[in-house]
Amino acid sequence: MRFVLLVEGDTEDETLKGFFGRWFDKKVQQGLLKQNPGIRIVNLKNGPAVIRDTPGKVNFYLNGPDKDKIIAVIALLDLYGIPPNFYSSQPEVANAAAQQRYSWAKNYIESNVKAQSPNLYAKFRQFFAVHEVEAWLLSDPANPKFPNEVKKILKARRGIAQPETVNFNHHPAVVLNEAYLRATRRRYNKLVNGKELFEALDPDIAYNKCPHLKEMLDEMLKLAKAAGLG
């Protein structure tokens, strides 16, 4: 049994299977699951493609030959990266607070899936990283893969205790890039640095500091239990 996770880029493709897998390993150790659900990452390469193609991907996987082995199809997007034209039918949402954008976008995509595949809707979930997956990295400034000077800069930054409040105007990857430039004179590389940082990140730290990540993982745990892995 496994999840199919639709993502928008190479960082997620390279890191999230292991990152989520470690969290589920702990649930097995705690006796909450019998086994770790597998995760298949499907990289759609950009946010607009995830928005556009998700209904078709849900139909493809949940009507495919392995449909009985799939717990659910989950789409994950960076809230920061959603293009402004996505909100064209309700332009006031484009400049709204994060939670309003989150709720509107989640409802929009889930409604599209429900309209196209009403019989499959129960096995689909839409989630967003607020404001992008790098917020999860900011949850642990002591990550051993951060250079020491980067650690000092991040620990001194105001608001770092609540990574999901690092916002649309100064989003998490920008915060990391500034810290790396100051400390190492090199830019933060989303794939190279992101991969090593995610490999060293304790999922429980990010879970406890990032409410929207917690919501996603809790729902995945619930779905895995309902699928017979509990």
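None of the values given here were measured: they were computed from a predicted structure.

Peer 1: Explanation requested: the packing of helix α1 (residues 10-29) against helix α9 (residues 211-229) in the structure shown.
Peer 2: Each packed pair of helices is defined by two parameters, the angle between the axes and the distance between the axes. With their axes 12 Å apart at the nearest point, α1 and α9 run at an angle of 55° to one another. If you check the angle between α1 and α9, you find them oblique. Along this stretch, α1 crosses α9, giving a crossing that reads as right-handed. Counting all contacts with α1, which are made through Phe-19, Phe-20, Trp-23, Phe-24 and Lys-27, the residues of α9 involved are Leu-213, Met-216, Leu-217, Asp-218, Met-220 and Leu-221. Tallied by class, the residues present in the contact of α1 with α9 amount to nine nonpolar, no polar and two charged.

Peer 1: Sorry if this is basic, but what is going on with helix α2 (residues 47-62) here?
Peer 2: Note: α-helices contain 3.6 residues per turn, so residues at a spacing of three or four share the same orientation. A rise of 1.5 Å per residue sets the reference length of α2, with its 16 residues, at 22 Å; its end C-alpha atoms lie 22 Å apart and thus fit the reference within 8%. Taken as a whole, α2 carries its principal kink of about 55° at Asp-53; the proline Pro-55 stands between one and four residues after it. Among the residues of α2, those classed as buried are Gly-47, Ala-49, Val-50, Ile-51, Thr-54, Pro-55, Val-58, Tyr-61 and Leu-62. Close packing links the buried residues of α2 with β1 (2-7), β2 (38-43), β3 (70-78), α3 (98-116) and β4 (124-129). For α2, the N-terminal cap is Asn-46; the gap from its side-chain oxygen to the backbone nitrogen of Ala-49 is 2.8 Å.

Peer 1: Help me understand the packing of aromatic side chains in this model?
Peer 2: To describe a pair of aromatic rings, you give the distance between the ring centres and the angle between the ring planes. A full pass over the atoms with the stated rule returns 17 aromatic pairs. Ring centres of Tyr-87 and Trp-104 lie 5.5 Å apart, and the angle between their planes is 45°; on these two criteria the pair is classed as tilted. Within this pair, whereas Tyr-87 is found in the loop between β3 and α3, its partner Trp-104 is found in helix α3, the two being separated by 17 residues in sequence. For the pair shown, Tyr-87 and Trp-104 are each scored as buried. Between the aromatic rings of Tyr-102 and Phe-128, the centroid separation amounts to 5.2 Å while the plane-to-plane angle is 70°, which identifies the pairing as edge-to-face. Taken together, the residues Tyr-102 in helix α3 and Phe-128 in strand β4 connect sequence positions 26 residues apart. Side by side, Tyr-102 and Phe-128 carry an identical accessibility label, which is buried. Among the aromatic residues, those joined into a ring-pair cluster are Phe-3, Trp-23, Phe-24 and Tyr-207. Here the guanidinium or amino end of Arg-101 rests over the ring plane of Phe-168, the centre of that ring lying 3.5 Å away.

Peer 1: So what exactly am I meant to see when it comes to the sheet that holds β1 here?
Peer 2: Paired through their backbone hydrogen bonds, the strands of a sheet run either parallel or antiparallel. Strand order in the open sheet formed by four strands is β2-β1-β3-β4, with parallel pairing between adjacent strands. Each edge of the open sheet carries a strand with a single partner, namely β2 and β4. Looking at each pair of strands side by side, their axes are set apart by 25° on average, direction ignored. Sheet topology note: the β1/β2 ladder contains six bridges and is parallel. When the sheet's bridge partners are listed, Val-7 is paired in β2 with Asn-43.

Peer 1: Looking at this model, I keep getting lost on the side chain of Lys-106. Mind explaining?
Peer 2: Here Lys-106 lies in helix α3. Excluding its chain neighbours within four sequence positions, the residues that come into contact with Lys-106 are Gln-126, Phe-127 and Phe-128.

Peer 1: Teacher, can you tell me more about the pairing of β4 here?
Peer 2: In summary, the side chains of a regular strand alternate between the two faces of the sheet. For β4, a buried count of six out of six residues is recorded, marking the element as mostly surrounded by other parts of the structure. Residue alternation in β4 divides its side chains into two sets, Phe-124, Gln-126 and Phe-128 and Arg-125, Phe-127 and Ala-129, and both sets are buried. Relative to β4, β3 is paired through six bridges, and the arrangement is parallel. Among the inter-strand pairings, Ala-75 is bridged to a residue of β4, identified as Gln-126. In this view, the connection linking β3 to its parallel neighbour β4 by way of α3 has right-handed handedness.

Criteria and cut-off values
Going along each chain's sequence as written, the residues are numbered from 1 onward. Local features in this predicted model are restricted to residues of pLDDT 70 or higher, and side-chain atom pairs are both shown and tallied only at a pLDDT of 80 or more, whereas totals for entire chains, interfaces and linings draw on every residue. Water and hydrogen atoms play no part in the side-chain values, which are based on all heavy atoms of the structure. Helix axes are fitted to C-alpha atoms over the stretch in contact, other axes to C-alpha atoms as well, and angles between N-to-C directions run from 0 to 180 degrees. The secondary structure listing takes helices from DSSP runs of H or I that are at least 4 residues long and strands from runs of E that are at least 2 residues long, numbered from the N terminus. Any angle that is under 35 degrees is reported as roughly parallel, and any over 145 degrees as roughly antiparallel; angles of 65 to 115 degrees are reported as roughly perpendicular and all others as oblique. Crossings are assigned a handedness: left-handed for a near helix turned anticlockwise from the far helix by less than a right angle, right-handed for a clockwise turn. Residue contacts are defined here by distance: any two heavy atoms, one from each residue, within 4.5 Å place the two residues in contact. Here the nonpolar group is Ala, Val, Leu, Ile, Met, Phe, Trp, Tyr, Cys and Pro; Asp, Glu, Lys and Arg are the charged ones; every other residue, Gly included, is treated as polar. Helix span, expected: 1.5 Å multiplied by one less than the number of residues in the helix. Bend is computed residue by residue as the angle between axes fitted to the seven residues ending at the residue and the seven residues starting at it. Classification of residues uses two cut-offs on accessible area relative to the type maximum, computed with a 1.4 Å probe and protein chains only: under 20% is buried, over 50% is exposed, and between them is partly exposed. Counted as a polar contact is a pair of N or O atoms within 3.5 Å, where, for protein atoms, one must be capable of donating a hydrogen and the other of accepting one, and residues adjacent in sequence contribute only when both atoms are in side chains. Under the pairing criterion, centres of Phe, Tyr and Trp rings, with the six-membered ring standing for Trp, must be within 6.5 Å; the plane angle then separates stacked pairs below 30 degrees from edge-to-face pairs above 60, leaving the rest tilted. For a Lys NZ or an Arg CZ to count as sitting over a ring, it must be within 6 Å of the ring centre and within 35 degrees of the ring normal. Strand pairing is assigned whenever DSSP identifies at least 2 bridges connecting the two strands. Here the term right-handed applies to a crossover when the path leading from its first strand over the helix to its second strand runs clockwise, the strands being oriented away from the viewer.

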